[in-house]
Amino acid sequence: LVNRMQYALLAEAFRLVDDDAASPEDVDVAISQGLGLRWSFMGPFQTIDLNAPGGVKDYFGRYGSAISRVIKPMDNKRPWRKETVGKIHAAMRAEVPEEARGERLDWRNIRLLKLATHKLNASK
């Protein structure tokens, strides 16, 4: 389940960069400072339930047709272009050079552990 949802998000993030609609850095900021903040303690359905006064049904009544218009033209069969993979890779290496990836991995793992601990303590 987690991989399937992650791949769907990754495919759209890739298309945004491939279409020059966003840079790799823009995509990472949108997730880490937007969706990721919400989704670290609430799922997508819990989020939309609170995003309309009447909950999920109200949300889809208000936004369902607009969401459908946005997602309808999405091309989920598009291949991973080497040029775009290279662009994303270069952006990531500019942020974290190859020799610093081990440190960055440790940094991520510590934060995930702290977040998991926080969530466990906050639910008590």
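Note that the structure is predicted; figures quoted are calculated from it, not measured.

Thresholds applied
- Residues numbered from 1 in each chain as written.
- Predicted model: local features only at pLDDT ≥ 70, side-chain atom pairs only at ≥ 80, totals over all residues.
- Heavy atoms only, no water.
- Helix = DSSP H or I, 4+ residues; strand = E, 2+ residues; numbered from the N terminus.
- Rg over C-alpha atoms; globule rule 2.2 N^0.38 Å.
- Buried < 20%, exposed > 50% of the residue type's maximum accessible area, 1.4 Å probe, protein only.
- Contact = heavy atoms within 4.5 Å.
- Areas by Shrake-Rupley, 256 points an atom, 1.4 Å probe, with all protein chains shown as cover.
- Lys, Arg positive; Asp, Glu negative; His and termini not counted.
- Charge placed at Lys NZ, Arg CZ, Asp CG, Glu CD.
- pLDDT = per-residue confidence, 0-100.
- Phe/Tyr/Trp six-rings, centres within 6.5 Å; stacked < 30°, edge-to-face > 60°.
- Lys NZ or Arg CZ within 6 Å of the ring centre and 35° of its normal.

This part is about the overall build of the protein chain. Helix and strand counts for the protein chain stand at six helices and zero strands. Along the chain direction, N to C, the helices and strands of the protein chain fall in the order α-α-α-α-α-α. On C-alpha atoms alone, the protein chain measures out to a radius of gyration of 17 Å, which is more than a quarter above the 14 Å that the 2.2 N^0.38 rule sets for 124 residues. With respect to the three principal axes, the spread of C-alpha positions in the protein chain is 50 × 45 × 25 Å. Residues counted as buried form 16% of the 124 residues belonging to the protein chain. Across the protein chain, the fraction of contacts at a sequence separation of at least 24, relative to all contacts at a separation of at least 6, is 52%. Summed over all atoms, the accessible surface of the protein chain reaches about 9900 Å², with 61% contributed by carbon and sulfur. Averaging the coordinates of the 20 positive side-chain charges in the protein chain and doing the same for the 16 negative ones gives two points 8 Å apart.

For the rest of this paragraph, the subject is the confidence of the model for the protein chain. Summarising the model, the protein chain shows a mean pLDDT of 92, and 100% of its residues fall at 70 or more. Between the elements of the protein chain, mean pLDDT differs from a low of 91, seen in helix α6 (residues 101–122), to a high of 95, seen in helix α1 (residues 2–18).

For the structure on display, the rule yields three aromatic pairs. The structure contains a cluster of three or more aromatic residues connected by ring pairs, namely Y59, F60 and Y63. Of note, R104 hangs over the ring of W107, and the distance from its end group to the ring centre comes to 4.0 Å.

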